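Descriptive analysis of the structure
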Amino acid sequence: MSQQAVKFAYWVPNVSGGLVVSKIEQRTDWSIDYNRKLAQIAEAAGFEYALTQIRFTAGYGAEFQHESVAFSHALLAATSKLKVIAAILPGPWQPALAAKQLATIDQLTNGRIAVNIVSGWFKGEFQAIGEHWLEHDERYRRSEEFIRSLRGVWSQDNFTFRGDFYRFDNYSLKPKPLGRPEIFQGGSSRAARDMAARVSDWYFTNGNSVEGIKAQVDDIRAKAAANNHSVKVGVNAFVIARDTEEEARAVLAQIIDQADPEAVNAFGDAAKQAGRASPEGEGNWAKSTFEDLVQYNDGFKTNLIGTPLQIAERIVALKAVGVDLVLAGFLHFQEEVEYFGWRVLPLVRELEAEKTAAVA
């Protein structure tokens with residue numbers, strides 16, 4: 001087990017509809033006022049990161065979306081320690097623009113901006129905004145060039161790069177970021193994991209069992225070591241923490257019982273079609289059931305559902321197989337993030353300390 005404390009991030013609900021494709025009541029709002037207060041609650045509760053989402057088209061129960069980079073900056077302006085990870089989609093964004101946007105925000109916030117490079121899985125979204133659609137592995141090749149371009153622009157003067165998708169010729173960006181903004185990415189396909197093992201700082205995986213996550217962690221760490229690279233791993237989880245397990249399971253049942261079948265099935269069809277386009281015929285959501293897809297990123301599978309102690313024990317079990325960060329979603333964000341910070345996170349730290357002492 002790593003001696004480093006597991007880190008916590010939360011999904012920013014900058015998209016309407018929350019994080020479940022369900023008609024259940026959610027005391028969560030996509031407005032800036034709600035999210036400023038949420039960011040302050042999360043910071044006080046011990047969360048290190050927040051992740052903004054990027055969506056261009058309305059649908060799947062999410063009719064309204066804020067742009068991720070601008071929204072990230074607004075959250076950073078309302079906090080003092082929290083890092084915000086802005087999701088960026090190659091295609092709509094060019095690396096020169098992204099590098100300059102993020103370098104400026106980094107300067108303005110004392111180095112608290114990070115980036116999540118989203119390679120894209122939704123063909124209809126690209127078609128709707130007139131962006132060229134690449135096949136599966138080509139999207140990851142483009143993302144890798146995007147990351148290499150960001151790194152080069154941020155670290156070098158007179159940066160020159162000759163890729164298949166991006167070109168730079170003696171380009172110097174000033175001011176550069178104060179440090180090196182962390183680069184996150186997701187995806188479960190072979191191409192996604194291989195890209196992370198070459199260039200990314202962090203790899204996000206969808207929710208899964210401890211055994212399933214261990215297999216992914218072992219695979220990506222072995223690949224990264226062969227490339228003289230290191231990558232940290234974050235896992236998606238939908239958290240339902242209640243005083244009793246019965247209460248938590250009842251909430252999960254209500255979410256699924258009130259799922260929006262049309263939205264769930266539409267999302268599932270589009271997502272699985274994208275995965276089948278990969279050479280191995282799989283990707284994110286390849287084995288997801290209807291119930292899994294009610295939460296976009298298989299968050300129920302991680303099973304952080306129960307009492308504070310049960311959830312803390314499961315988080316420490318995830319850490320034991322190599323998870324460095326838990327990316328958490330909630331039904332009612334403000335009150336549940338606060339509850340998690342005061343009731344769950346201290347138990348995680350106690351269990352970590354006990355594990356460390358036991359092997360000392």
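Here's a quick rundown of the structure.

How each quantity is defined
- Residues numbered from 1 in each chain as written.
- Predicted model: local features only at pLDDT ≥ 70, side-chain atom pairs only at ≥ 80, totals over all residues.
- Heavy atoms only, no water.
- Helix = DSSP H or I, 4+ residues; strand = E, 2+ residues; numbered from the N terminus.
- Rg over C-alpha atoms; globule rule 2.2 N^0.38 Å.
- Buried < 20%, exposed > 50% of the residue type's maximum accessible area, 1.4 Å probe, protein only.
- Contact = heavy atoms within 4.5 Å.
- Areas by Shrake-Rupley, 256 points an atom, 1.4 Å probe, with all protein chains shown as cover.
- Lys, Arg positive; Asp, Glu negative; His and termini not counted.
- Charge placed at Lys NZ, Arg CZ, Asp CG, Glu CD.
- Salt bridge = Lys/Arg side-chain N within 4 Å of Asp/Glu carboxyl O.
- Pairing = 2+ DSSP bridges.
- Axes fitted to C-alpha atoms, helices over the stretch in contact; angles between N-to-C directions.
- Right-handed = clockwise from strand over helix to strand, strands pointing away.
- Expected span 1.5 Å × (residues − 1).
- Arc of directions from axis to C-beta.
- Parallel < 35°, antiparallel > 145°, perpendicular 65-115°, else oblique.
- Nonpolar A, V, L, I, M, F, W, Y, C, P; charged D, E, K, R; others polar.

Concerning the overall build of the chain
For the chain, the count of helices and strands is twelve helices and twelve strands. Computed over C-alpha atoms, the radius of gyration of the chain comes to 20 Å, within 12% of the 21 Å expected from 2.2 N^0.38 for 360 residues, which places it in the range of a compact globule. Overall size of the chain, expressed as C-alpha extent along the three principal axes, is 60 × 50 × 40 Å. Looking at the chain as a whole, 57% of its 360 residues are labelled buried. Counting only contacts in the chain whose residues sit at least 6 apart along the sequence, the fraction spanning at least 24 positions is 74%. Summing over all exposed atoms, the chain offers an accessible surface of approximately 14800 Å²; the carbon and sulfur share of this is 50%. Of the side chains in the chain, 39 bear a positive and 45 a negative charge, and the two mean positions are spaced by 6 Å.

Thoughts on the pattern of salt bridges
Considering all chains together, one arrives at 25 salt bridges under this definition. A salt bridge links Arg162 to Asp169; the shortest N-O distance between them is 3.9 Å. On the basis of relative accessibility, which here comes to 52%, the residue Arg162 falls in the exposed class. With a closest N to O distance of 3.3 Å, Arg343 and Asp243 form a salt bridge. You can see Arg343 sitting in helix α12 (residues 333–359) and its partner Asp243 sitting in the loop between β10 (240–241) and α8 (245–257), a full 100 residues away along the chain. A residue is classified by how much of its surface remains accessible, and Arg343, at 40% relative accessible area, is partly exposed.

Structural notes on the sheet that holds strand β7 (residues 183–185)
Strand pairing in a sheet takes place through backbone hydrogen bonds and is either antiparallel or parallel in direction. Reading around the circumference, β1-β2-β3-β4-β7-β8-β9-β12 is the order of the eight strands in this closed barrel, with parallel pairing throughout. Averaged over neighbouring strand pairs, the angle between their axes works out to 25° when direction is ignored. Examined bridge by bridge, strand β9 (residues 232–238) and strand β12 (residues 325–329) share five bridges and lie parallel to one another. Following the sheet pairing, Val235 is matched in β12 by Val326. Packed on one face of the sheet, helix α2 (residues 68–77) meets β3 (83–88) and β4 (113–117) and runs near 175° to β3.

Quick notes on unusual backbone geometry
Residue Pro175 follows Lys174 across a cis peptide bond; omega there is 0°. Along the chain, the position of Pro175 falls in the loop between β6 (167–171) and β7. The backbone of Asn170 shows a phi angle near 50°, a positive value even though the residue is not glycine. With respect to the helices and strands, Asn170 occurs in strand β6. If you check the backbone angles, Asn228 has positive phi at about 55° while not being a glycine. For Asn228, the location among the structural elements is in the loop between α7 (210–226) and β9. Overall, the relative accessible area of 79% leaves Asn228 in the exposed class.

Let's talk about the pairing of strand β1 (residues 7–11)
Most of β1 sits inside the fold, with four of its five residues counted as buried. With four bridges connecting them, β1 and β12 associate as parallel partners. Looking across to β12, one finds that Tyr10 is bridged to Ala328. With three bridges joining them, β1 and strand β2 (residues 49–51) adopt parallel strand pairing. Bridge pairing in β2 links Ala9 to Tyr49. For the crossover from β1 across helix α1 (residues 32–45) to β2, the handedness is right-handed.

Section: helix α11 (residues 308–320)
Residues spaced three or four apart along an α-helix point in a common direction, a consequence of the helix completing one turn every 3.6 residues. Here α11 is 13 residues long and its end C-alpha atoms lie 18 Å apart, about the 18 Å a rise of 1.5 Å per residue gives. Looking only at α11, the buried set comprises Pro308, Ile311, Ala312, Ile315, Val316, Leu318 and Lys319. Buried residues of α11, viewed axially, fall in a sector of 155°; they line one side. Just downstream of α11, Gly322 is the residue with a positive phi angle, here 110°.

Remarks on the packing of α1 against α12
Two elements in contact, α1 and α12, have axes separated by 9 Å at closest approach and are oriented at 0°. As judged from the angle between their axes, α1 and α12 are roughly parallel. Residues Tyr34, Lys37, Leu38, Ile41, Ala42, Ala44 and Ala45 of α1 lie in contact with α12, whose contacting residues are Phe333, Gln334, Val337, Glu338, Gly341, Trp342 and Leu345. Residue composition of the contact of α1 with α12, by class: ten nonpolar, two polar and two charged.

As for α2
Listed as buried for α2 are Ser68, Val69, Phe71, Ser72, Leu75 and Leu76. The buried residues of α2 all sit within an arc of 160° when viewed along its axis, so they share a single face. More than 90 degrees from the buried face of α2, the exposed residues found are Ala70 and Ala77. Elements that come into contact with the buried residues of α2 comprise α1, β3, α3 (95–108) and β4.

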